[in-house]
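So you can see what is in the structure, the chains are spelled out below.
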Amino acid sequence: QLQLVESGGGLVHPGGSLRLSCAASGFTLDYYTIGWFRHAPGKEREGVSCISASGGSTDYVASVKGRFTISRDYAKNTVYLQMNSLKPEDTAIYYCAAAHLMTPVQAMCFRGLVDYWGQGTQVTVSS
């Protein structure tokens, strides 16, 4: 059974940082494009950042560029999303997702081409 498990969410003040983790159970992430998506109340779900299987290609939604960094640790079978300079508008449920090897990062993030979803982790940015 293929599972993606997110962790690292929580409550943080504006300007603070969080690191989200996406761990895989039952399969290796090495052969998948991995992405982070978020869904805020009253808004559509959006792709935040995606990374290719090789790690050589990444993309970000404009609103997080320069603040968020996606990375992969192959030894730990985990993908991270480092979120700095958090803003209240970053408040959302963050989901990890996986797409098969040849899915381009742009197609995954901005066309929503996803094969597997995690359960999500809540991120709240508030003073």
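Let me sum up the structure you'll find in this document. (Residues numbered from 1 in each chain as written. Predicted model: local features only at pLDDT ≥ 70, side-chain atom pairs only at ≥ 80, totals over all residues. Heavy atoms only, no water.)

**Some points on the nonpolar core**
Within soluble globular proteins, side chains that are nonpolar generally end up buried alongside one another.
Then comes step 1: In terms of nonpolar packing, the biggest core is built from 29 residues, with W36, F68, L81, M83 and Y94 touching the most fellow members.
Then comes step 2: Counting residues per element, the ones that place at least two in this core are β3 (18–25), β4 (32–39), β5 (46–51), β7 (68–73), β8 (78–83), β9 (92–100) and β11 (121–125).
Then comes step 3: Listed in part, the eight residues of the second largest apolar core include F37, A97, A99 and V105. (Core = buried A, V, L, I, M, F, W, Y, C linked by side-chain atoms within 4.5 Å. Buried < 20%, exposed > 50% of the residue type's maximum accessible area, 1.4 Å probe, protein only. Helix = DSSP H or I, 4+ residues; strand = E, 2+ residues; numbered from the N terminus.)

**Looking at the pattern of salt bridges**
Then comes step 1: Enumeration over the complete set of coordinates arrives at three salt bridges.
Then comes step 2: Its salt-bridge partner being R38, residue E46 comes within 2.6 Å of it at the nearest N-O pair.
Then comes step 3: Judged by its relative accessible area of 6%, R38 falls in the buried class.
Then comes step 4: A salt bridge links R38 to D90, with the nearest nitrogen and oxygen atoms 3.0 Å apart. In this pair, R38 sits in strand β4 while D90 sits in the loop between β8 and β9, placing the two residues 52 residues apart along the sequence. (Salt bridge = Lys/Arg side-chain N within 4 Å of Asp/Glu carboxyl O.)

Coordinates in, geometry out; function isn't part of it.
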